[in-house]
Amino acid sequence: MTVRKPVVLITGAGGEIGHGLISRLAQGTSRPIVTLDVNPLDPALTPLVQREVTASILDTSALDRLLSEFEVDLIFHLAALLSTRSEFTPVMAHRVNVEGTLNLLEFAQKQAESHDRPVVFMYPSSIAAYGLPDVETKRRAGRVREDEWATPTTMYGCNKLYCEQLGRYYSRHYKQLAAKTKSGLVDFRAVRSPGLISAMTVPSGGTSDYAPEMIHAAARGEAYACFVRPDTQIPFMAMPDGVDALLRLADAPRERLTRTAYNVGAFNPTAAEIQQVVARAFPAATITYQVDAKRQGIVDSWPADVDDRAARADWGYCPSHDFTCAFSEYLIPTIRQRYA
Ligand code: SER
């Protein structure tokens with residue numbers, strides 16, 4: 001049998017996390033990168049990857065072809081429909097977010113069985129996995145732990161929470177009644193990401209999008225009407241820390257991990273606090289509020305802050321950007337340069 005070099009597979013590679021992740025992986029490791037996305041990759045990224053496959057995660061024949069061609073020992077399964085978009089097309093969201101993830105878990109299981117070694121399966125879950133009933137409860141709850149308030153109100157949140165469970169099933173109980181159990185071959189690890197803010201890309205279809213949209217609009221000299229109230233508060237994180245969290249958890253020794261899904265926090269400003277920093281950096285910015293009560297309801301159901309002690313203790317999670325430094329050292333200078 002020919003010896004093949006193990007590769008890393010990234011689904012949804014053309015999305016926001018994919019952008020940051022591909023650049024980081026390409027700098028750091030010699031492991032070739034294979035990408036899968038419904039859309040062609042940004043041409044700036046193509047030289048960094050060994051193979052770019054343009055197909056859906058629902059296309060099982062594309063996955064079968066990948067299976068026959070590559071030995072994959074690490075997967076970053078990033079493809080998903082975000083929370084706002086998912087509310088308009090819940091059935092489609094379920095198909096992509098849940099059936100798509102199931103396809104990838106099966107893919108990982110087959111990879112692991114045929115090479116007889118575990119495949120690390122990295123999954124970005126979300127603060128959307130939480131659902132608090134009202135703003136007063138949210139205020140009282142403060143920093144929520146992973147096992148609290150697991151009652152999401154959105155299709156996307158339900159999908160994320162269920163896929164964490166699916167991942168745990170593949171890791172620990174897969175085909176538990178078979179004569180020879182094959183569980184333990186998919187090494188599933190999830191990070192519950194806060195709203196991610198990238199200086200390089202603007203998200204689409206999410207509900208935490210007001211923060212990145214406000215910053216990018218100001219830098220482009222465009223007026224922005226924020227769709228949530230000024231006092232709205234949820235956790236956010238600079239994209240480099242979001243990528244770093246995934247890479248760090250992927251590298252952590254299995255025996256150190258006590259959970260399937262980990263909270264990771266960085267800062268949790270109100271919309272008004274974000275507006276103030278943005279207005280200081282771009283004094284010509286016009287930022288107003290035009291509250292969309294329904295999207296506000298979604299953000300109000302997400303926690304104001306998360307308790308990330310497990311991530312810090314188990315795998316040394318430690319973000320490099322707090323609120324001030326995320327803006328002064330990463331977002332503002334990089335965005336300025338981007339639109340210069
Ligand atoms: N940023 C995501 C969204 O708004 C939450 O994980 O849907």
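Counting starts from 1 at the beginning of each chain's written sequence and moves along it residue by residue. With pLDDT at 70 or above as the cut-off, local features in this predicted model cover only qualifying residues; side-chain atom pairs require 80 or more to be listed or tallied, and sums for whole chains, interfaces and linings still use all residues. With hydrogens and water stripped out, all remaining heavy atoms of the structure feed into the side-chain values.

K.L.:
Just checking my understanding: could you explain the overall build of the chain for this structure?
P.N.:
Going along the chain from the N terminus, every DSSP run of H or I of four or more residues is numbered as a helix, and every run of E of two or more is numbered as a strand. A count of helical and extended segments in the chain gives 12 helices and 13 strands. Summarising its shape, the C-alpha atoms of the chain cover approximately 65 × 45 × 40 Å along the three principal directions. Contacts are assigned to residue pairs with any non-hydrogen atoms lying within 4.5 Å of each other. A sequence separation of at least 24 residues applies to 77% of the contacts in the chain between residues at least 6 apart. Put simply, the chain shows about 14,800 Å² of open surface, and 53% of that area lies on carbon and sulfur atoms. Surface exposure here means Shrake-Rupley accessible area, sampled with a 1.4 Å probe, where a residue is shielded only by the protein chains that are shown.

K.L.:
I tried to follow the sheet that holds strand β5 (residues 119-126) on my own but got confused; where do I start?
P.N.:
Backbone-to-backbone hydrogen bonds pair the strands of a sheet. The strands run either parallel or antiparallel. With respect to topology, 7 strands assemble into an open sheet ordered β3-β2-β1-β4-β5-β7-β11, the strand pairing being parallel. Where the open sheet ends on each side, the last strands, each with one partner, are β3 (51-54) and β11 (261-263). Across this sheet, the average inter-strand angle for adjacent strands is 20°, counted without regard to direction. By the bridge criterion, 4 bridges tie strand β1 (residues 6-11) to strand β2 (residues 33-37) in an arrangement that is parallel. Counterpart to Leu9 in the pairing with β2 is Val34. Axis geometry follows a simple rule: fit a line to the C-alpha atoms, using only the stretch in contact for helices, then measure angles between N-to-C directions, giving values from 0 to 180 degrees. Here helix α2 (residues 60-69) sits on the sheet in contact with β1, β2, β3 and β4 (71-77), set at roughly 175° to β2. Against the sheet, helix α8 (residues 239-251) touches β4, β5, β7 (186-193) and β11, its axis set at about 150° to β7. Here the rule is simple: two strands pair whenever DSSP picks up at least two bridges between them.

K.L.:
How should I be thinking about the layout of surface pockets in this particular structure?
P.N.:
Where empty space is left in the structure can be found by rolling a water-sized probe over the atoms. Only protein atoms enter the 1 Å grid, on which a cavity is a set of points fitting a 1.4 Å probe that cannot get out and a pocket is an open set with protein on both sides within 12 Å along at least 5 of 7 lines, lining residues being those with an atom within 4 Å of a point. Grid points are joined across faces, edges and corners, and a volume is the space filled by probe spheres set on the points. Each pocket or cavity is described by its volume, and for the largest pocket that value is around 1,000 Å³. Around the largest pocket, the lining is made up of 49 residues, and of these Leu78, Ala79, Ala80, Leu81 and Leu82 lie nearest the centre. Elements with a minimum of two residues in the lining of the largest pocket: α1 (16-28), β2, α3 (83-88), α4 (90-115), β5, α6 (155-172) and β8 (195-197). With 4 residues, the single largest contributor to the lining of the largest pocket is α1. Each residue belonging to the lining of the largest pocket can be placed in one class, and the counts come to 26 nonpolar, 17 polar and 6 charged. Any residue outside Ala, Val, Leu, Ile, Met, Phe, Trp, Tyr, Cys, Pro, Asp, Glu, Lys and Arg is labelled polar, Gly included; the first ten of those are nonpolar and the last four are charged.

K.L.:
What is the right way to read the site of the ligand from this model?
P.N.:
For this description, a residue counts as near a given molecule or strand if any of its non-hydrogen atoms is within 4 Å of it. The immediate surroundings of the ligand are formed by Leu82, Ser83, Ser126, Tyr156, Gly206, Thr207, Ser208 and Trp302. Thr207 places a main-chain nitrogen or oxygen 2.6 Å from an oxygen atom of the ligand. At 2.8 Å from a nitrogen atom of the ligand is found a side-chain nitrogen or oxygen belonging to Ser208. Most atoms of the ligand, that is more than half of them, are within 2 Å of grid points of the largest pocket. Here the residues of the shell around the ligand are counted per class, giving 3 nonpolar, 5 polar and no charged. Distance and chemistry together define a polar contact, namely a pair of N or O atoms within 3.5 Å, with one atom able to donate a hydrogen and the other to accept it when in protein, and with adjacent residues in sequence counting only for side-chain atoms on both sides. Molecules are considered to sit inside a cavity or pocket once more than half of their atoms lie within 2 Å of its grid points.

K.L.:
So what exactly am I meant to see when it comes to the pattern of salt bridges here?
P.N.:
We define a salt bridge as a contact between a side-chain nitrogen of Lys or Arg and a carboxyl oxygen of Asp or Glu at a distance within 4 Å. Tallying each qualifying case throughout the model produces 20 salt bridges. Linking Glu136 and Arg139 is a salt bridge whose minimum nitrogen-to-oxygen distance equals 2.9 Å. Note that Glu136 and Arg139 are positioned in helix α5 (residues 135-141) at a spacing of 3 residues, about one turn of the helix. Relative accessibility thresholds used throughout: buried, under 20% of the residue-type maximum; exposed, over 50%; partly exposed, between the two (1.4 Å probe, protein chains only). For Arg139, a relative accessible area of 57% corresponds to the exposed category. Glu164 is paired through a salt bridge with Arg192; the nearest N and O atoms lie 2.7 Å apart. In this pair, Glu164 is assigned in helix α6 and Arg192 in strand β7, connecting sequence segments 28 residues apart. Here the two residues Glu164 and Arg192 agree in accessibility, since each one is buried. When salt bridges that share partners are traced, they join Arg31, Glu71, Asp73 and Arg117 into one network.

K.L.:
Whenever I open this one, the nonpolar core confuses me. Can you help?
P.N.:
Burial of nonpolar side chains together is a common tendency in soluble globular proteins. Ranked by internal contacts, the top residues of the largest apolar core, which has 73 residues, are Ile10, Phe76, Tyr210, Trp315 and Phe327. Setting aside its immediate chain neighbours within four residues, Phe76 contacts Val8, Leu9, Ile10, Thr11, Leu21, Leu25, Met122, Leu246, Leu247 and Ala250. Only buried residues count toward a nonpolar core. Its members are Ala, Val, Leu, Ile, Met, Phe, Trp, Tyr and Cys residues joined through side-chain atoms within 4.5 Å. One finds Leu9, Leu63, Leu66 and Tyr174 within the second-largest nonpolar core, a separate group that totals 36 residues.

K.L.:
Got a minute to help me understand the environment of Glu146 in this structure?
P.N.:
Note on placement: Glu146 falls in the loop between β6 (143-144) and α6. According to the relative accessible area criterion, Glu146 is buried, its value standing at 6%. The sequence separation of Glu146 and Arg259 amounts to 113 residues, and the corresponding C-alpha distance is 9.2 Å. Apart from residues lying up to four places away in sequence, Glu146 is in contact with Tyr130, Arg192, Arg259, Ala261, Tyr262, Asn263, Asp307 and Ala310.

K.L.:
Help me understand the pairing of β7, please; the structure alone is not making it clear to me.
P.N.:
Here β7 lies mainly inside the structure; 8 of its 8 residues are buried. Burial along β7 is two-sided: Val186, Phe188, Ala190 and Arg192 and Asp187, Arg189, Val191 and Ser193, pointing in opposite directions, are all buried. Note: β5 against β7, 8 bridges, orientation parallel. Pairing of Val120 across the sheet is with Asp187, part of β7.

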